[in-house]
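Analysis of the macromolecular model
Read off the chains here:
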Amino acid sequence: MTPTERSGLAIAAAGFAILSVGDAVVKSMADAWPPYAVAVLRFGIGALVLSVLLWRSEGPSAFVPQNLPLQIGRGACLAIASVCFFSAIYIMPLAETMAIAFLAPILTQILAGLLLGEEVRPRVYAVSLVALFGVAIILRPNLALLGWGAVLPLISAVFFALLMIANRASAGQGSVLSMQVFVAAFSVPILLVVSIGAKVSGEPSFDFGWPSWDVVARCAVVALTASTAHWLAFVGTSRAGAAQVAPAIYVQMLIAVTLGWLFFDDVPDFYTLLGSGLIIAAGLYLWRDGVKPVKGTISVSNQKER
């Protein structure tokens, strides 16, 4: 590996680590504001800031999508995936939620064959079964404790995978910045409808009021850390290449375990470590074996939307 590639790998790893910091900040709001409301504010702030940048760099014409239904679909996938992911972070240890989320790139390869007609090697299905077995190991004790709420990170992984497929279908329809603006902007109205529906449902557990200043500040921090992480991952990928950077994504798991341990007293047990190990091993095997993921599944667009 050349010095440029090593620096690119380090930069990308720093970006992925920062994403876990943002996830920990989300978890810190578990008792302050509901996850769907947090998602609205987080992506609202992100869409606003990114829109200003897009306007200044590309002008008003960049805000006209070439395929409106596809961009709405991307926003819907992001909205569902984010609400499920944030909800999972609220009720489950950060490391367990993150481990199951790593199933998304593997699911993307399968869905690419089903939805985009891309060739998928038979071994991808075999390795996917190993990863799913890892998910089952992690979920087994949580299902007993949390009920079906423990399946939320799995649902999130499925919709993140669908988002990756939609990202692939959007290739060439605009700049990277415009694609980020579209997915965030179209997710906000959907999340807003969900939040208003929860507010007026009459269910006390779904009710919420205006956010306190520290909730707004934390949502802004999440938006900032996510944008910074995406930029670092993009720079790292540009320097080292996607193949070199891909394994760095698992730095998120190490940071998630550390932050969960330090701030939330979430000590991973044997089942979490075993299941996480199987999922990560499956992902690394597919990378090492040279199975090409759908464009954007392991680089910036894999995690950029959180």
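In what follows, the structure referred to is the one given above.
Residues numbered from 1 in each chain as written. Predicted model: local features only at pLDDT ≥ 70, side-chain atom pairs only at ≥ 80, totals over all residues. Heavy atoms only, no water.

1. Points about the pattern of salt bridges
As a reminder, the rule being used: Between Lys or Arg on one side and Asp or Glu on the other, a salt bridge is scored when a side-chain nitrogen of the former is within 4 Å of a carboxyl oxygen of the latter. Three exposure classes are used, based on accessible area relative to the maximum for each residue type with a 1.4 Å probe and protein chains only: buried under 20%, partly exposed in between, and exposed over 50%.
One pass over the full model with this rule turns up two salt bridges. D207 is paired through a salt bridge with K199; the nearest N and O atoms lie 2.8 Å apart. With relative accessibility at 37%, the residue K199 sits in the partly exposed group.

2. Focus: the environment of F234
Applied cut-off: For helices the rule is a DSSP run of H or I covering at least 4 residues; for strands it is a run of E covering at least 2, with both sets numbered from the N terminus onward.
For F234, the position within the fold is in helix α9 (residues 213–240). When the C-alpha atoms of F234 and F182 are compared, they prove to be 18 Å apart, with 52 residues separating the residues in sequence.

3. Observations regarding the packing of aromatic side chains
The description of an aromatic ring pair rests on the distance of the ring centres and on the angle between the ring planes. Test applied: Within 6.5 Å between ring centres, the rings of Phe, Tyr and Trp (the latter by its six-membered ring) count as paired, and their orientation is classed by plane angle as stacked under 30 degrees, edge-to-face over 60, tilted in between. When the NZ atom of lysine or the CZ atom of arginine is within 6 Å of a ring's centre and also within 35 degrees of its normal, the charge is said to sit over that ring.
Tallied over the entire structure, the rule returns eight aromatic pairs. The rings of W33, Y36 and F208 are connected pair by pair, giving a single aromatic cluster. The ring of F264 has K27 sitting right over it, with the charged end atom 5.5 Å from the ring centre. The residue whose ring lies beneath K199 is F208, and the NZ or CZ to ring-centre distance is 5.7 Å.

4. Points about the packing of helix α3 (residues 68–91) against helix α8 (residues 176–199)
Filter applied, for reference: Only the contacting stretch of a helix is used when fitting its axis, a line to C-alpha atoms as for every element, and angles between N-to-C directions run 0 to 180 degrees. A crossing counts as left-handed when the near helix is turned anticlockwise from the far one by less than a right angle, and as right-handed when that turn is clockwise. What makes two residues a contact is simply this: any of their non-hydrogen atoms within 4.5 Å.
Where α3 contacts α8, the two axes come as close as 7 Å, and the packing angle between them is 65 degrees. Crossing of α3 over α8 shows right-handed handedness. Packed against α3, whose contacting residues are L68, Q71, I72, R74, G75, A76, L78, A79 and V83, the element α8 presents M179, F182, V183, A184, F186, S187, I190 and L191 at the interface.

What is shown is where atoms sit, not what they do.
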